[in-house]
Amino acid sequence: MKKYLLAALTVVMLGAAPFAAQAAEQDVAKITCKDFLADKQNISMMVMWIDGYMSGKSGNTSISDQWMEKLGTHLGTYCAKNPAKTIMDAIEAVPE
């Protein structure tokens, strides 16, 4: 099932690529959890961006189904409980 999730996420990302080029620039540090959860169209792209951001900070170049599931679950849970916090706050609170 996790492989299907990753495959679906990849398809969504590739399908969104033409639209992303048209999107306005956005400062991720200013995105609230409420806004993150409300933007259903771009949530998959944001989770992938967050994974890349975290990987860049840690130097980890691996990706796994388990990690993506853990990250998505954390972001959803944290943001549901803390809608006024920023997505950067949610990133800092990811358990290791």
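Thresholds, definitions, all that
Residues numbered from 1 in each chain as written. Predicted model: local features only at pLDDT ≥ 70, side-chain atom pairs only at ≥ 80, totals over all residues. Heavy atoms only, no water. Core = buried A, V, L, I, M, F, W, Y, C linked by side-chain atoms within 4.5 Å. Buried < 20%, exposed > 50% of the residue type's maximum accessible area, 1.4 Å probe, protein only. Helix = DSSP H or I, 4+ residues; strand = E, 2+ residues; numbered from the N terminus. Contact = heavy atoms within 4.5 Å. Disulfide = S-S within 2.5 Å.

Chemist: What exactly am I supposed to notice about the nonpolar core here?
Modeler: Taken as a class, soluble globular proteins show a tendency for nonpolar side chains to be buried jointly. If you look at the biggest cluster of nonpolar residues, it comprises 18 residues, and the most contacted ones within it are Phe36, Ile50, Leu71, Leu75, Cys79, Ile87 and Ala90. Elements with a contribution of two residues or more to this core: α2 (33-38), α3 (43-58), α4 (65-81) and α5 (87-92). For this core, the element with the highest residue contribution is α4, accounting for five residues. Filtering out sequence-adjacent residues up to four positions away, Ile87 remains in contact with Val28, Ile31, Thr32, Cys33, Phe36, Ile50, Leu75 and Cys79.

Chemist: Where do I start with the state of the cysteines in this structure?
Modeler: One covalent bond between the sulfur atoms of two cysteine residues makes up a disulfide. Counting across every chain of the model gives one disulfide. Each disulfide pairs two cysteine sulfurs, and for Cys33 the partner residue is Cys79, the sulfurs being separated by 2.4 Å. Taking the torsion about the sulfur-sulfur bond, which here is approximately -50°, the covalent link between Cys33 and Cys79 counts as left-handed. Taken as a pair, Cys33 in helix α2 and Cys79 in helix α4 lie far apart in primary sequence, 46 residues in all. Note on accessibility: Cys33 and Cys79 belong to one class, buried.

All quantities given are derived from atomic positions and should not be read as evidence of function.
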